[in-house]
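A look at the structure
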Amino acid sequence: MTKYVQLKNGLVVPDTHAFAESNGRPEMREVATTRDGRDITRGYVSPFELLQPQDSVLRARGSGNYEIYREVLRDDQVKAVFEQRRLAITSREWEVIPGGDKRIDKKAAESLEEQLKAIKWDGVTDKMLYGVFYGYAVSELLYARDGAEVVIDQVRVRDRRRFGFDGDGNLRLLTMSSPNPGELLEPRKFWSFTTGADHDDEPYGLGLAHWLYWPVFFKRGGVKFWLIFLEKFGQPTAKGAYPSNATADEKNRLLAALEAISTDTGVILPEGMAIELIEAARSGTADYTALYDRMNAAIAKVTLGQTLTTEAVGGQYKADVQMDVRQDLVKADADLVCESFNRGPARWLTDWNYPGAAYPRVWRRIEDEPDLKPQAERDEIIARMGFKPSLKYVNETYGGEWKESAPPSSGLPAAPGAAAPAFSEASIKPDYPVVQADRLDDAAQAGLDAMIATVRRLVNEVKSLEELRDKLLEAYPDIAADKFADVMREALLA
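A brief structural summary. These figures come from a predicted structure and were not determined experimentally. Every chain is numbered independently, its residues counted from 1 as its sequence is written. Two thresholds apply to this predicted model, a pLDDT of at least 70 for residue-level local features and 80 or more for giving and counting side-chain atom pairs, whereas whole-chain, interface and lining totals are computed over all residues. Note that the side-chain values use all heavy atoms of the structure and ignore hydrogens as well as water.

With respect to a nonpolar patch on the surface
So the rule is basically this: Patch construction takes residues with relative accessible area above 30% that form no salt bridge. Like charges are linked within 9 Å, and nonpolar side chains (Val, Leu, Ile, Met, Phe, Trp, Tyr) are linked within 5 Å. Where accessible areas are quoted, they stem from the Shrake-Rupley method and a 1.4 Å probe; at the residue level, only the protein chains shown are allowed to cover. Just to be clear on terms, a salt bridge is a Lys or Arg side-chain nitrogen sitting within 4 Å of an Asp or Glu carboxyl oxygen. Helix and strand assignments come from DSSP, with helices taken as H or I runs of at least 4 residues and strands as E runs of at least 2, each series counted from the N terminus. Burial here depends on accessible area, computed with a 1.4 Å probe over protein chains only, as a share of the maximum for the residue type. Under 20% is buried, over 50% is exposed, and the range in between is partly exposed.
Side chains of I381, I382, M385 and F387 sit close together on the surface and give an oily, nonpolar patch of about 420 Å² of accessible area. Position of I382 relative to the elements: it lies in helix α12 (residues 373-384). Under the relative-accessibility criterion, I382 is labelled partly exposed at 32%.

Here we look at the packing of aromatic side chains
Condition: Geometry of aromatic contacts follows a simple scheme: Phe, Tyr and Trp rings, the Trp one being its six-membered ring, pair when their centres are within 6.5 Å, and the pair is stacked under 30 degrees between planes, edge-to-face over 60, tilted otherwise.
One pass over the structure, following the stated rule, counts 19 aromatic pairs. Taking 5.8 Å as the distance between ring centres and 65° as the angle between the ring planes, the aromatic pair formed by Y136 and F165 counts as edge-to-face. Separated by 29 residues along the polypeptide, Y136 in strand β4 (residues 136-146) and F165 in strand β6 (residues 163-165) bring together distant segments of the chain. Per residue, the accessibility class of Y136 equals that of F165, and both read buried. One aromatic cluster in this structure is built from Y66, Y69, F82, Y130, F133, Y134, Y136, F165 and Y204.

Looking at the pairing of β4
Looking along a regular strand, one sees the side chains alternate between the two faces of the sheet. Test applied: Only strands that DSSP links by at least two bridges are regarded as paired with each other.
Relative to strand β9 (residues 190-194), β4 is paired through five bridges, and the arrangement is antiparallel. The partner of S139 across the bridge, within β9, is W191. Pairing analysis gives nine bridges linking β4 to strand β5 (residues 149-158), with the strands arranged antiparallel. From the neighbouring strand, Y143 faces β5, where its bridge partner is I152. Where β4 hands over to β5, the hairpin turn is made up of two residues, of which G147 adopts a positive phi near 70°.

Here's the deal with unusual backbone geometry
In this model, N180 is joined to P181 through a cis peptide bond whose omega is 10°. With respect to the secondary-structure elements, P181 resides in the loop between β7 (171-173) and β8 (183-184). Backbone geometry places K120, a non-glycine residue, at a positive phi of 60°. Checked against the element boundaries, K120 lands in the loop between α4 (103-118) and α5 (121-128). With relative accessibility at 62%, the residue K120 sits in the exposed group.

Observations concerning the pattern of salt bridges
Two side chains of opposite charge can pair, provided their charged atoms sit close to one another. By the definition in use, this model includes 25 salt bridges. Across the pair D159 and R161 runs a salt bridge whose closest N-O atoms are separated by 3.0 Å. Residue D159 is classed as partly exposed on the basis of its relative accessible area, which comes to 25%. Given the relative accessible area of 37%, R161 is considered partly exposed. Linking D379 and R378 is a salt bridge whose minimum nitrogen-to-oxygen distance equals 3.8 Å. On the basis of relative accessible area, R378 is assigned to the partly exposed category, the value being 44%.

Okay, here's the thing in structure tokens:
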């Protein structure tokens, strides 16, 4: 029996809330649960009883049967736009990211990636995405052994109409022998997700079909009246007149003659009967086309968040904005499937095969690859200013795995008896700085002597300072300074 307490303000509440008046300790139990009979939207639902979907359209038009939403999916516009939404996801590349940097973390990710390739992950994703349309999706995992590992052999996406949720929120399989509440399923055997509902008390979710039902309904009704309109105003209505004393057989023969007019070019009539053609008269224009187009636009907006990819409207700016909207929906769908898989099968397999490993994650790269050329040009300008990017920055910005390259060799000959340049601390001898300094000094002097020899030759050839100035300017491009530059570069490196 539930106990109640009276607060200081006179309010009587269950004692589960008494902490507010006592020591202020947090309440750890779930209070607003749907499993204790206090849910005013459903009342008490036994754990051994199926919950019914609260989708208003599904309950009013289909008595809770998802077959009416299958009919919605038969509409040409619905098929086209929903296929766009699915293909926008499955056409993108996917990868499995290790949950950590340890060897076991990477092994768990590699194993999961190989399994997803084997089961054709794109095809599985495409079928599971129908859960976005209906509100939830269910698939069964068929396991196999690969050596010591448990692996996914197949993922079979099942018809959601075969499943339901009981009063405890557990997924159950509806069978001929147990249609209600169905058979309780084994844990870690079925992978499912729900989406679209505006609260967590609806395990069936709320799919796109809920909002697409009425546009499709009105569209089909409009098409029906449109065809009647075309028949009525495209061909005159035949009128037959029979005498007042005509028998039933004569009336039937006249009616048969009228029906023959729609298919035959000529008819015969008994004497005394007449047929006239009545032209339909109307004014104004028929709006069935406008209704048809408006419903198609509504279907596109509900499914894609925009109409640009199905309707030729809007300028370039509007096109960019609408494509951004669709991109957001596509990314949300991709994350929905991947995250539900990561919380379920990805964890189960890791626990079985790599206990203690960080859980790997599968995800899809929905965003387009950025144009790295402007970034590279900017980095090059900054490098010329004397700044060097870190290895972490290079890897994160340009992707892949980069390593710093060894500094280029100067090409200078080694000094007699000196070891080749080395940069590891273990290989540097105590006299290494002295030997290198002497070698660089000799190389620098050799380069400097070559330049001075050129200048001395010009001095001996000219007869005035003005002529020497002109000769130096002419000879400047030919003065070999490359060896001296090599020496300076290696000296700065040292």
